[in-house]
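# Examining the three-dimensional arrangement
Residue strings, one per chain:
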Amino acid sequence: MASTEGVGVSQGVQGDWVAEEADRVVAEAERRGTPVVCASGISPSGPVHLGNLRELMTPHLVADEVRRRGVEARHVLSWDDFDRLRKVPAGVPESFAEHIGRPLTAVPDPCGQHASWAEHFKEPLRAALHELGVVVDEISQTQMYTSMAYREQVLHAMAHRADIDAVLGRYRTKGPDGGEPDGSDDASTGRDYFPYKPFCAVCGRDSTTVVGYDPASTELRWTCAFDHAGSFALGEESPGKLVWKVDWPMRWAFERVTFEAGGVDHSAPNSSYTVGSQIVREVFGGLPPEYLAYSFVGAPGTAKMSSSRGGAATPLDALHVVEAPVLRWLYTRRKPNQAITVSLDHEVGRLYDEWDALGRKLAGGRATPWETATQARSVRTAERELTQTPRPFPFRSLASVLDVTGGRDEQVLRILRDMAPEEPVADLDAARPRLDRARAWVEEYADEADRTRVRETPDAERLAALTDDERESLRLLVAGFDALGGDWTLDALTDLVYGVPKQRLGLPLDLKKPTPELRTAQRELFVLVYELLTGRDTGPRLPTLLLAIGPDRARALLDPARPA
C-alpha cells in the first residue's frame, strides 16, 4: 500500500464533503490552538444498527482524512452507558421491564454472557468497527461519572444552574394546558431547576427528584417516586449524571471537541445542538464543535431504523453479506444530508454490481475525481488497507453458483474456473471474502421460494407435450452442447443460448441489436429450459445454471430425443 502520510485523498475536488469538512476542522483546530478531536456518541440500549453507524462513519471519515494529511486527529466514541433503560427492545423477555429506569451498566446481560446490558450491545459494534477500519477511543460515561472525572464540571453546572435554566427557558415548550413548561429534560422540583439527575440508592432507578442542594457542603437531597429518599455529597460521589442538554455541551468543553455530526432530529432550530451551543459558551466557557447534520438511514418501507422496534440490521449483520470496503462505500458516496436505504435482500446484488462498475471505471481511467476519492476512502484508511477479494466474481453469479451446487466446494471451484478460463483461479481463496459473503447471503437472506432446485430426472410429461417449435429449439440447443465439447464455459454457453433463437429465425449469429421477434423467441426458449431444469419459469442466469449442472446432466434433462 502506498503511503498516504501528508496527502489527503481529494483536496481540491469540488463537491467532496469529506475533504471540505476536513478543511474546516483543521482550520478551526488551528484557530483554537487545540488538537483535532472528532466525536461520536452511541447509547448501547439495544442493537446498534446501521442507522447508528452513520453517527460513527461521518466523524470517522473526517478524522481519517485529517490523519491522511499528516495531522493528528482523535476520534472519540462516548458510550452513553450511564443512560437509563427506557424500554425493553423487541426479542428481550418482558421480565426485563423491572430494570427500566436503571443505568444500562447496571442492567444484566439478557443472554448472560457479558458483564451488563451495555456490554452485550457494545461487543458486536466493536467487532464491526475493527473490520471496517474505524479506529476510536472509547469512553464509558458510567466510568467517567462514577470515577468523579467530571467532578468540577458537575459542581460548576450546579453552581450555575440558574444560568442553565435561563438558556433552557428560551427554548422550552409550553405544556398542553399552556401552563408550566415541559421539564422532560429537567431534574427539578417546582420552579427550582437542577441540571443533575441521581439514581435512587435503594431501587437504582432514575425516578428521582432533587429536593435540595447545599453549595457549601455539596449535599444533594432527593426523593424517589417509589417512596425512597436520601442524600449524598456531590463533591465526593456521583451516582447520577447531568441531564442530556447539559451533559452534551459539558463534554464538548471537557474533550475539546472540534467536530461532531448529529441526526436531523438534533440539528433543527431550537434543537439540542442549538441549546447546547449556548450552554457551552455561557456556562462552561467552551466552544461548540464544527457540526454536520446527517439524514437518517432507513430500510425498505421505513425512513428511520429503530433499535427498540427490533429487526433493524446491525453493522455485523451487514458484514456477514457485504464486504467491508463496500459497506464503507455505502456511507462514503452519499453526502450526509442524503438519506440512505439499506436492504440485505436481493438489493445486495445491485450494490455489488455498482461497486464493481466503479472498479471498472477506475481501471479504465473513466472515473471522476469524486468517484476516485470515494473508492480510495472505502478500500483503505490512514492506518491500513482493508481486505479485498483478489478475484471479485459478480456477487449474483456467486450466489447462483452456490445455490445450484448446494455450496459444494469442488463444484464451485470447477465452475469458477470455467467462468474465467483465460485466467483460472487456483483455489477458492482467490474468491474470498466475497464468496463467503455470497454463501451467507444464500443461507440467511435468499427467499426459500427463490432457491434453485434442479430436477433429478427428466420431466417426462413436459417433454411429451413439446410443440414442434419447442422440440426443434431443444434439438439445436443439445446439438450445441455436443459442439462445445470441452469448451463448456460461461462465454460459450452465453453465445449458445442466445444464438439458438437466432438460428430458428434465420438471423446472423453476430446480430447485436435484437428485434422484438428475437426477444420473444429468446424469452420463450429460456422459460422452456427453466421449466425442464427446475420446474419453474425463471431462475438464475441461464448460462450460469447450465455451467453449474454440467453437460451430462443438461443433456439428460433437455434432450427431446432421449427416452424419459
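See the structure above.
Residues numbered from 1 in each chain as written. Predicted model: local features only at pLDDT ≥ 70, side-chain atom pairs only at ≥ 80, totals over all residues. Heavy atoms only, no water.

### Things to note about the overall build of the protein chain
When helices and strands are tallied, the protein chain shows 20 helices and twelve strands. Against the globule reference of 24 Å for 564 residues, the protein chain gives a C-alpha radius of gyration of 31 Å, more extended than a compact globule. On the principal axes, the C-alpha backbone points of the protein chain span a range of 100 × 55 × 45 Å. In the protein chain, which comprises 564 residues, the proportion classed as buried is 51%. Counted over contacts in the protein chain with a minimum sequence separation of 6, partners at least 24 positions apart contribute 69%. In the structure as shown, the protein chain presents an accessible area of about 25,400 Å², 49% of it carried by carbon and sulfur atoms. Within the protein chain, one finds 67 positive and 85 negative side-chain charges whose respective centroids are separated by 3 Å. (Helix = DSSP H or I, 4+ residues; strand = E, 2+ residues; numbered from the N terminus. Rg over C-alpha atoms; globule rule 2.2 N^0.38 Å. Buried < 20%, exposed > 50% of the residue type's maximum accessible area, 1.4 Å probe, protein only. Contact = heavy atoms within 4.5 Å. Areas by Shrake-Rupley, 256 points an atom, 1.4 Å probe, with all protein chains shown as cover. Lys, Arg positive; Asp, Glu negative; His and termini not counted. Charge placed at Lys NZ, Arg CZ, Asp CG, Glu CD.)

### Here we look at the layout of surface pockets
Approximately 560 Å³ is the volume attributed to the second largest pocket. Together, 22 residues line the second largest pocket, and A399, S400, W441, D450 and P540 are the ones closest to its centre. Mapped by element, the contributors of at least two residues to the lining of the second largest pocket are helix 13 (395-405) and helix 15 (434-444). A total of six residues in the lining of the second largest pocket trace back to one element, the largest contributor, which is helix 13. For the lining of the second largest pocket, the residue count by class is seven nonpolar, seven polar and eight charged. (1 Å grid on protein atoms, 1.4 Å probe; cavity = no way out; pocket = protein on both sides within 12 Å on 5 of 7 lines; lining within 4 Å. Points joined across faces, edges and corners; volume = space filled by probe spheres on them. Nonpolar A, V, L, I, M, F, W, Y, C, P; charged D, E, K, R; others polar.)

### Regarding the nonpolar core
Counting residues in hydrophobic clusters, the biggest one holds 108 residues, and the most contacted among them are L327, F481, L546 and L558. Per-element tally for this core: the top contributor is helix 20 (residues 542-558), with nine residues. In this structure F481 touches W488, L493, L496, L546, A554, R555 and L558, once residues within four positions along its chain are discounted. Counting residues in each nonpolar core, the second largest holds 42 residues, with I139, Y145, Y213 and C224 among its members. (Core = buried A, V, L, I, M, F, W, Y, C linked by side-chain atoms within 4.5 Å.)

### Focus on the pairing of strand 1 (residues 36-42)
By the criterion of burial, strand 1 is predominantly enclosed, with six of the seven residues buried. With seven bridges joining them, strand 1 and strand 2 (residues 73-79) adopt parallel strand pairing. Within strand 2, the position partnered with S40 by the bridge is L77. When strand 1 meets strand 9 (residues 259-263), the two strands line up parallel, connected through two bridges. In the sheet register, C38 faces strand 9, and the bridge partner there is F259. (Pairing = 2+ DSSP bridges.)

### Regarding the packing of helix 18 (residues 490-505) against helix 20
Between helix 18 and helix 20, whose axes approach to 9 Å, the crossing angle comes to 125 degrees. Compared by their axis directions, helix 18 and helix 20 come out oblique. Once helix 18 is placed against helix 20, the crossing between them reads as right-handed. Of the residues in helix 20, those in contact with L490, L493, T494 and V497 of helix 18 are L542, P543, T544, L546 and L547. Here the residues of the contact of helix 18 with helix 20 are counted per class, giving seven nonpolar, two polar and no charged. (Axes fitted to C-alpha atoms, helices over the stretch in contact; angles between N-to-C directions. Parallel < 35°, antiparallel > 145°, perpendicular 65-115°, else oblique. Left-handed = near helix turned anticlockwise from the far one by under 90°.)

### Topic: the packing of aromatic side chains
Within this structure, the stated rule accounts for 17 aromatic pairs. Judged by centre distance (5.0 Å) and plane angle (90 degrees), the rings of Y150 and F254 are edge-to-face. With Y150 in the loop between helix 4 (141-146) and helix 5 (151-159) and F254 in helix 7 (residues 244-255), this pair connects stretches of sequence that are 104 residues apart. Here the aromatic cluster, defined as three or more aromatic residues joined through ring pairs, consists of F82, Y145, Y150, F199 and F254. Note that R205 overlies the ring of F226, its terminal NZ or CZ placed 5.0 Å from the centroid. (Phe/Tyr/Trp six-rings, centres within 6.5 Å; stacked < 30°, edge-to-face > 60°. Lys NZ or Arg CZ within 6 Å of the ring centre and 35° of its normal.)

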